[in-house]
Amino acid sequence: MEYRRFGNTIYLRLDPKEEILEEMEAAMKKREDYSELDTKFHTKIAQCTHNIVMENLLPVIGKGVAVFAKEVAQTEYDRTWISHRKIFCYIRDHKPFEA
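Overview of the structure. (Residues numbered from 1 in each chain as written. Predicted model: local features only at pLDDT ≥ 70, side-chain atom pairs only at ≥ 80, totals over all residues. Heavy atoms only, no water.)

1. A short note on helix 1 (residues 16–29)
No. 1: A rise of 1.5 Å per residue sets the reference length of helix 1, with its 14 residues, at 20 Å; its end C-alpha atoms lie 20 Å apart and thus fit the reference within 8%.
No. 2: Positive backbone phi, at 60°, marks R31, one or two positions downstream of helix 1. (Helix = DSSP H or I, 4+ residues; strand = E, 2+ residues; numbered from the N terminus. Expected span 1.5 Å × (residues − 1).)

In C-alpha coordinates:
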(Lines give C-alpha, C1' and ligand atoms only; values in the text may rest on other atoms or scores of the structure.)
Protein backbone atom coordinates (compact mmCIF):
# COMPACT_ATOMS: atom_id res chain seq x y z
CA MET A 1 0.00 0.00 0.00
CA GLU A 2 1.12 3.50 -0.73
CA TYR A 3 -0.03 6.76 0.79
CA ARG A 4 0.07 10.06 -1.04
CA ARG A 5 -0.66 13.52 0.26
CA PHE A 6 -2.31 16.25 -1.83
CA GLY A 7 -2.66 19.36 0.30
CA ASN A 8 -4.33 18.35 3.54
CA THR A 9 -5.80 15.14 2.09
CA ILE A 10 -4.10 11.76 2.28
CA TYR A 11 -4.99 9.17 -0.37
CA LEU A 12 -4.40 5.46 -0.11
CA ARG A 13 -3.23 3.93 -3.38
CA LEU A 14 -3.97 0.28 -3.83
CA ASP A 15 -3.83 -0.26 -7.56
CA PRO A 16 -0.55 -0.41 -9.51
CA LYS A 17 -2.52 -0.04 -12.77
CA GLU A 18 -3.50 3.45 -11.70
CA GLU A 19 0.10 4.40 -10.99
CA ILE A 20 1.15 3.22 -14.45
CA LEU A 21 -1.83 5.04 -15.97
CA GLU A 22 -0.88 8.29 -14.24
CA GLU A 23 2.70 8.00 -15.51
CA MET A 24 1.36 7.39 -19.01
CA GLU A 25 -0.99 10.38 -18.78
CA ALA A 26 1.90 12.60 -17.65
CA ALA A 27 3.99 11.48 -20.63
CA MET A 28 1.06 12.13 -22.95
CA LYS A 29 0.57 15.64 -21.55
CA LYS A 30 4.20 16.36 -22.43
CA ARG A 31 3.72 14.69 -25.84
CA GLU A 32 6.43 12.18 -24.95
CA ASP A 33 6.61 8.56 -26.07
CA TYR A 34 4.17 6.66 -23.87
CA SER A 35 4.35 3.31 -25.66
CA GLU A 36 6.39 1.50 -22.99
CA LEU A 37 3.97 2.63 -20.28
CA ASP A 38 1.03 1.65 -22.48
CA THR A 39 2.45 -1.86 -22.79
CA LYS A 40 3.03 -2.01 -19.01
CA PHE A 41 -0.59 -0.92 -18.41
CA HIS A 42 -2.05 -3.59 -20.67
CA THR A 43 0.38 -6.22 -19.38
CA LYS A 44 -0.72 -5.51 -15.81
CA ILE A 45 -4.36 -5.97 -16.87
CA ALA A 46 -3.50 -9.26 -18.62
CA GLN A 47 -1.65 -10.44 -15.50
CA CYS A 48 -4.72 -9.69 -13.39
CA THR A 49 -6.85 -11.83 -15.68
CA HIS A 50 -4.25 -14.61 -15.77
CA ASN A 51 -4.51 -14.51 -19.56
CA ILE A 52 -1.15 -15.96 -20.65
CA VAL A 53 -1.95 -15.56 -24.35
CA MET A 54 -2.49 -11.82 -23.98
CA GLU A 55 0.56 -11.47 -21.74
CA ASN A 56 2.68 -13.02 -24.50
CA LEU A 57 1.08 -10.96 -27.28
CA LEU A 58 1.53 -7.62 -25.55
CA PRO A 59 5.22 -7.13 -26.42
CA VAL A 60 4.34 -7.51 -30.11
CA ILE A 61 1.37 -5.18 -29.77
CA GLY A 62 3.58 -2.76 -27.82
CA LYS A 63 5.95 -2.44 -30.77
CA GLY A 64 3.02 -1.40 -32.94
CA VAL A 65 1.93 1.12 -30.33
CA ALA A 66 5.47 2.56 -30.27
CA VAL A 67 5.29 3.25 -34.00
CA PHE A 68 1.78 4.67 -33.63
CA ALA A 69 2.77 6.89 -30.68
CA LYS A 70 5.51 8.55 -32.71
CA GLU A 71 3.09 9.49 -35.48
CA VAL A 72 -0.10 10.46 -33.65
CA ALA A 73 -1.90 13.72 -33.94
CA GLN A 74 -3.22 15.73 -31.00
CA THR A 75 -6.66 14.11 -31.22
CA GLU A 76 -5.17 10.63 -30.91
CA TYR A 77 -3.38 11.55 -27.70
CA ASP A 78 -6.68 12.78 -26.31
CA ARG A 79 -8.63 9.71 -27.45
CA THR A 80 -6.00 7.34 -26.10
CA TRP A 81 -5.91 9.18 -22.79
CA ILE A 82 -9.70 9.07 -22.40
CA SER A 83 -10.03 5.43 -23.48
CA HIS A 84 -7.32 4.22 -21.10
CA ARG A 85 -8.80 6.15 -18.18
CA LYS A 86 -12.21 4.59 -18.94
CA ILE A 87 -10.71 1.09 -19.10
CA PHE A 88 -9.08 1.59 -15.72
CA CYS A 89 -12.26 2.99 -14.13
CA TYR A 90 -14.39 0.13 -15.45
CA ILE A 91 -11.93 -2.42 -14.07
CA ARG A 92 -11.73 -0.60 -10.74
CA ASP A 93 -15.52 -0.43 -10.55
CA HIS A 94 -15.89 -4.14 -11.40
CA LYS A 95 -17.59 -3.57 -14.77
CA PRO A 96 -15.92 -6.20 -16.98
CA PHE A 97 -18.27 -5.87 -19.95
CA GLU A 98 -17.64 -2.13 -20.24
CA ALA A 99 -13.87 -2.61 -19.83
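2. Things to note about unusual backbone geometry
No. 1: Unusually for a residue other than glycine, R31 sits at a positive phi of about 60°.
No. 2: Structurally, R31 can be placed in the loop between helix 1 and helix 2 (35–49).
No. 3: Residue R31 is classed as partly exposed on the basis of its relative accessible area, which comes to 34%.
No. 4: The phi torsion at H94 lies on the positive side, around 60°, for a residue other than glycine. (Buried < 20%, exposed > 50% of the residue type's maximum accessible area, 1.4 Å probe, protein only.)

3. Thoughts on the pattern of salt bridges
Any two side chains of opposite charge can pair if their charged atoms end up close together.
No. 1: Tallying each qualifying case throughout the model produces 3 salt bridges.
No. 2: Close ionic contact of R85 with E18 constitutes a salt bridge, the shortest N to O distance being 3.8 Å. A residue pair is termed long-range when its members are at least 10 positions apart, and R85 in helix 4 (residues 74–92) and E18 in helix 1 qualify at 67 residues.
No. 3: Across the pair R85 and E25 runs a salt bridge, and its minimum N-O distance is 2.9 Å. Here E25 lies in helix 1 and R85 lies in helix 4, a separation of 60 residues in the sequence.
No. 4: Among the residues examined, R85 registers a relative accessible area of 23% and is labelled partly exposed. (Salt bridge = Lys/Arg side-chain N within 4 Å of Asp/Glu carboxyl O.)

4. Observations concerning the environment of G64
No. 1: Positionally, G64 belongs in helix 3 (residues 52–71).
No. 2: The class for G64 is partly exposed, based on a relative accessible area of 41%.
No. 3: Distance from G64 to S35, taken between C-alpha atoms, is 8.8 Å for residues 29 residues apart in sequence.

5. Observations regarding a nonpolar patch on the surface
No. 1: There is a patch of nonpolar side chains on the surface, built from V53, M54, L57 and I61 and spanning about 330 Å² of accessible area.
No. 2: Assessed through its relative accessible area of 56%, V53 is described here as exposed. (Patch = residues over 30% accessible without salt bridge, like charges linked within 9 Å, V, L, I, M, F, W, Y side chains within 5 Å. Areas by Shrake-Rupley, 256 points an atom, 1.4 Å probe, with all protein chains shown as cover.)

6. A look at the side chain of E25
No. 1: Owing to a relative accessible area of 10%, E25 belongs among the buried residues under this scheme.
No. 2: Engagement of the side chain of E25 in a polar contact is seen with the side chain of R85, the distance being 2.9 Å.
No. 3: Each residue touching E25, except ones within four places of it in the same chain, is listed here: W81 and R85. (Polar contact = N/O pair within 3.5 Å; in protein donor to acceptor, adjacent residues only side chain to side chain. Contact = heavy atoms within 4.5 Å.)

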